[in-house]
Amino acid sequence: MNDKSERVSPFLKVENITKNFGNIEALKGVSLESHLGEVLAIVGDNGAGKSTLIKIISGVFTQDHGEIWINGEKQENLNPKVCLSKGISTVYQDLALVNTRDAAYNIFLGREPMKGLFIDKKRMYTESKQLIQGLEVHIPSVKVPVGNLSGGQRQGVAVARAIHQGGKLLIFDEPTAAMGLVESSRVLKLIKRLAEDGYGIIIISHNLQQVFQIAHKVCVMRQGRIVDIVKTDELNMNDIVSMITGAADI
Ligand SMILES: Nc1ncnc2c1ncn2[C@@H]1O[C@H](COP(=O)(O)OP(=O)(O)OP(=O)(O)O)[C@@H](O)[C@H]1O
Ligand SMILES: [Mg+2]
């Protein structure tokens, strides 16, 4: 990774975010930045606060304290729709696709193009096909119900939808968790490629090997705090494991 992203302003900046669930302090003052063209991995043990953090970034939860800036603008009253309109799109673990419908339908869901009184299906199929091919996602056809596709293919459709919705910063919560080796490597390749194309990526993963394959930076969380944010080319996996477990503090 070059240092260019350090000099340009971040697409997303969160500052001193806290979030409590009853008496559980899920986030205790978290700050980070995400740049377009960069893969930022968030790692940490179960319950470290990773999903809570990205849910706040994508407007699903509201923080108790702290600030969120998107494209240099301070945000108030975020919700998923507003986040999406500002270019933050989350590709959820359960994918939230309609399994009985085809890829084109899923990509255009809620934004179907109209021709007169009718949905312009031809345009939906043509544009979906172009989008899917452009991402080098291999599916038999955009007319096959997505329930019949593999996990990696479905992930590809979900990414296509995120981009079609105007996503610039794409967030993934354990995208390869339920996948075999081949599917995982396809998804990782897609994510890497998206960053090269100028999208920002935040990815939560428990798989440090995968993190080292694709991430420029790693944000290590422990018990609701960020231990450190480091560049993957400046340390190794053991260093990260120590930071995750807290062994480095002993
Ligand atoms: N909706 C909720 N209600 C109550 N507590 C919650 C809620 N969501 C998260 N928590 C708690 O907040 C803490 C952080 O959870 P979070 O899901 O963010 O962790 P995580 O780092 O994503 O873990 P994992 O790796 O297991 O997915 C945990 O103690 C969890 O039990
Ligand atoms: Mg989680």
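First, a word on scope: everything that follows refers to the structure included in this document. Not measured: the values here are computed from a predicted model. (Residues numbered from 1 in each chain as written. Chains lettered and ligands numbered in written order. Predicted model: local features only at pLDDT ≥ 70, side-chain atom pairs only at ≥ 80, totals over all residues. Heavy atoms only, no water.)

1. Comments concerning the pattern of salt bridges
Defined as follows: In the sections that follow, a salt bridge refers to a side-chain nitrogen of Lys or Arg positioned within 4 Å of a carboxyl oxygen of Asp or Glu. Runs of E in the DSSP output that reach at least two residues are strands. Runs of H or I that reach at least four are helices, and both are numbered from the N terminus. Partly exposed describes any residue whose relative accessible area lies between the buried limit of under 20% and the exposed limit of over 50%, with all areas from a 1.4 Å probe on protein chains only and scaled to the type maximum.
For the structure shown, the criterion picks out nine salt bridges. A salt bridge links K86 to E73; the shortest N-O distance between them is 3.9 Å. Separated by 13 residues along the polypeptide, K86 in the loop between α3 (80-85) and β6 (88-91) and E73 in strand β5 (residues 73-74) bring together distant segments of the chain. K86 gets classed as partly exposed once you look at its relative accessible area, which sits at 29%. One salt-bridge network, in which partners are shared between bridges, spans E67, K74 and E76.

2. Observations concerning unusual backbone geometry
One non-glycine residue, N16, adopts positive backbone phi at about 55°. Note on placement: N16 falls in strand β1 (residues 12-21). Even without a glycine there, the phi angle at N71 is positive, about 55°. Along the chain, N71 falls in the loop between β4 (65-70) and β5. The class for N71 is exposed, based on a relative accessible area of 56%.

3. As for the sheet that holds strand β10 (residues 200-204)
Let me state the cut-off plainly: In this scheme, strands are said to pair when DSSP sees at least two bridges between them. In this analysis, axes come from line fits to C-alpha atoms, helices being fitted only over the stretch in contact, and the angle between any two N-to-C directions falls in the range 0 to 180 degrees. The contact rule is simple, with two residues in contact once any of their heavy atoms fall within 4.5 Å.
Strand order in the open sheet formed by six strands is β6-β9-β10-β3-β11-β12, and the pairing between neighbours is mixed. Lying at the two open borders of the sheet, with one neighbouring strand each, are β6 and β12 (225-231). Averaged over neighbouring strand pairs, the angle between their axes works out to 20° when direction is ignored. The pairing of strand β3 (residues 39-44) with β10 spans four bridges and is parallel. Its bridge partner lying in β10, A41 is registered against I203. Its contacts with the sheet place helix α7 (residues 181-196) against β3, β9 (169-173) and β10, and it is angled at close to 150° to β10. In the packing of helix α9 (residues 237-245) onto the sheet, the strands contacted are β3, β11 (217-222) and β12, and the crossing angle to β11 comes to about 25°.

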